[in-house]
Amino acid sequence: MTLDASPTRSDASPTRGDAGLPTAPLYLDTAAAAPVRREALEAAWPYLTGSFGNPSSHHEVGRASAEALLAARRSVARVLGMRSTDIVFTSGGTEANNLGIIGMALGAVPEDPTATSGGDGVVGAPRRHLVISPLDHEAVLASADFLRRRHGFTVTEVAVDSSGTVTPAALSRALRNDTAVVSLGYANNEIGTIADVPALAAVAHSAGARFHTDAVQAAGWLPLSGLGADALSLAGHKVGAPKGIGAAAIRSRIPLEPLIHGGGQESGRRSGTENVALAVAFATALELAEAERLEAADRVSAIRDDFIAEVLASISGVFLTGSPDSRTPNHASFCFSRTSGEAMLLELERLGVIASSGSACAAGSDEPSHVLTALGVDAEVAKTSVRFTFPSSITAAQGRAAAGAVIEAASRLALAYT
């Protein structure tokens, strides 16, 4: 199946039929994976062919790879407003979340159990407390659970409001004298709600805790520099790089316990021969996404707003999930309380629209979304959720066609259920 979602097509012709429906498959699931950019593939190709050397090798072929890896590291650091020594290339967002949370938490625990934690920002008694959000990605929740089960940490889930927002006051109430790490997502993958990361990071720091944010869904849509975080996570396949590459950006001055041990690559923070080609592809895609961000966010958010308004005005029993105001520019998510989410997705695909029921990492599960149930949505209603995440290339005509398909799908399913 060829999907109409190329991020390099700014002149895409409307995919709209006579009935206002798409005439070619319209991919609206970029929160799961964005189309790979040609520029990223072209940048990576030399390091899959002629310049194939190991970047740790001290000869001409290895040096060419090492120079490319350093250039990619510097490129990512520029986008984040960080130092190149802060950038650790990983296999993706899940590994980056694990390294940022587990690595910083264990780095804050002294090897001598009778000693007290010290160093940058962490003082006093040994710190074995974490604060997370109940809305966080599974990689964050599982990392916290691992620290609880295997290292004796306690975990507090901060309170969230009905839109999925964590306020500085709520975070302040969740902090303790022994809090080591706070991890709160920048942009929620299921409902699109944006967190005020600078304010939340400041609260965490005031209690001597380190702050990590999962910024996987924010890249390309929200500012990534000046956040005040000690660590943040990125995934290449959300910004137009191939799958299998990401970055954990962790301030190099912060003690970090590696998760992968070996030859000491990535400044001893993540051993294993680096994937130079994918690092180059990721850096290329991220820089392009950042260069286009302001224009894309402004244009796509207007299309998204029209899409949301049309769906809410035309379908009975539907409601928007997440914040109506503070959400990523390309994100719209609904519960269709009078039908099944799976049925809606199947009907939409028949009508030419590819969407999802939420996180791709939880696809196939019969359980309702942990994000929606944490917001107080009834478990059965949560199973009716559908998420639409637009590519940066979407046109107004495509947005209207997508809304038409959603309305038509809801109409057909309403007849089927009566």
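From a predicted model like this one, the values you see are computed outputs, not experimental measurements. (Residues numbered from 1 in each chain as written. Predicted model: local features only at pLDDT ≥ 70, side-chain atom pairs only at ≥ 80, totals over all residues. Heavy atoms only, no water.)

Trainee: Even after reading the chapter, I still don't get empty space enclosed by the protein, so can you show me in this structure?
Mentor: Gaps left between atoms show up when a probe the size of a water molecule is rolled over them. With the rule as written, the count across this model stands at 2 cavities of 30 Å³ or more. In this structure, the largest cavity spans a volume of roughly 300 Å³. Taken together, 26 residues form the lining of the largest cavity, with Ala34, Trp221, Lys238, Val239 and Ser392 sitting closest to its centre. A total of 3 residues in the lining of the largest cavity trace back to one element, the largest contributor, which is helix H7 (residues 276-314). Grouping the amino acids of the lining of the largest cavity by side-chain chemistry returns 13 nonpolar, 10 polar and 3 charged. Empty space within the second largest cavity amounts to approximately 60 Å³. In terms of lining, the second largest cavity is formed by 11 residues, of which the most central are Glu190, Ser333, Ser357, Leu372 and Ser385. Of all elements in the fold, only strand S10 (331-336) and strand S12 (385-389) reach the threshold of two or more residues within the lining of the second largest cavity. Looking at the lining of the second largest cavity element by element, the count peaks at 3 residues for S12. Residue classes in the lining of the second largest cavity are distributed as 4 nonpolar, 5 polar and 2 charged. (1 Å grid on protein atoms, 1.4 Å probe; cavity = no way out; pocket = protein on both sides within 12 Å on 5 of 7 lines; lining within 4 Å. Points joined across faces, edges and corners; volume = space filled by probe spheres on them. Helix = DSSP H or I, 4+ residues; strand = E, 2+ residues; numbered from the N terminus. Nonpolar A, V, L, I, M, F, W, Y, C, P; charged D, E, K, R; others polar.)

Trainee: I would appreciate a short explanation of the sheet that holds strand S9 (residues 318-320) in the present structure.
Mentor: Backbone hydrogen bonds hold the strands of a sheet together, and the pairing may be parallel or antiparallel. One open sheet accounts for 3 strands, arranged S9-S10-S12; its pairing is antiparallel. Lying at the two open borders of the sheet, with one neighbouring strand each, are S9 and S12. Averaged over all pairs of adjacent strands, the angle between strand axes in this sheet comes to 25 degrees, irrespective of strand direction. As defined by bridge partners, S10 adjoins S12 across 5 bridges and the pair is classed as antiparallel. Residue Ser333 lies in a different strand from S12, and its bridge partner there is Arg387. Relative to the sheet, H7 contacts S9, S10 and S12, its axis offset from that of S10 by approximately 10 degrees. Sheet contacts for helix H8 (residues 341-350): S10 and S12; angle to S12, the most-contacted strand, approximately 40 degrees. (Pairing = 2+ DSSP bridges. Axes fitted to C-alpha atoms, helices over the stretch in contact; angles between N-to-C directions. Contact = heavy atoms within 4.5 Å.)

Trainee: Help me out: how do you make sense of the nonpolar core in this one?
Mentor: In a soluble, globular protein the nonpolar side chains are often hidden away together inside. Core analysis: the largest hydrophobic core is formed by 91 residues, its most contacted members being Leu80, Leu224, Phe282, Phe307 and Phe388. Counting residues per element, this core draws most heavily on H7, at 18 residues. Ignoring any residue separated from it by four or fewer positions in sequence, one finds Leu80 in contact with Ile87, Leu224, Ser225, Gly226, Leu232, Leu234 and Ala249. If you look at the next biggest cluster of nonpolar residues, it comprises 23 residues, including Met104, Leu106, Phe153 and Ala248. (Core = buried A, V, L, I, M, F, W, Y, C linked by side-chain atoms within 4.5 Å. Buried < 20%, exposed > 50% of the residue type's maximum accessible area, 1.4 Å probe, protein only.)

Trainee: Help me understand the pattern of salt bridges in this model?
Mentor: Proximity of charged atoms lets side chains of opposite charge pair with each other. Enumeration over the complete set of coordinates arrives at 16 salt bridges. For Glu266, the salt bridge goes to Arg73, with nearest N and O atoms at 2.8 Å. Within this pair, whereas Glu266 is found in the loop between strand S8 (246-250) and H7, its partner Arg73 is found in helix H2 (residues 60-80), the two being separated by 193 residues in sequence. Note on Glu266: relative accessible area 5%, which makes it buried. Within this structure, Glu347, Arg350, Glu408 and Arg412 form a network of salt bridges that share partners. (Salt bridge = Lys/Arg side-chain N within 4 Å of Asp/Glu carboxyl O.)

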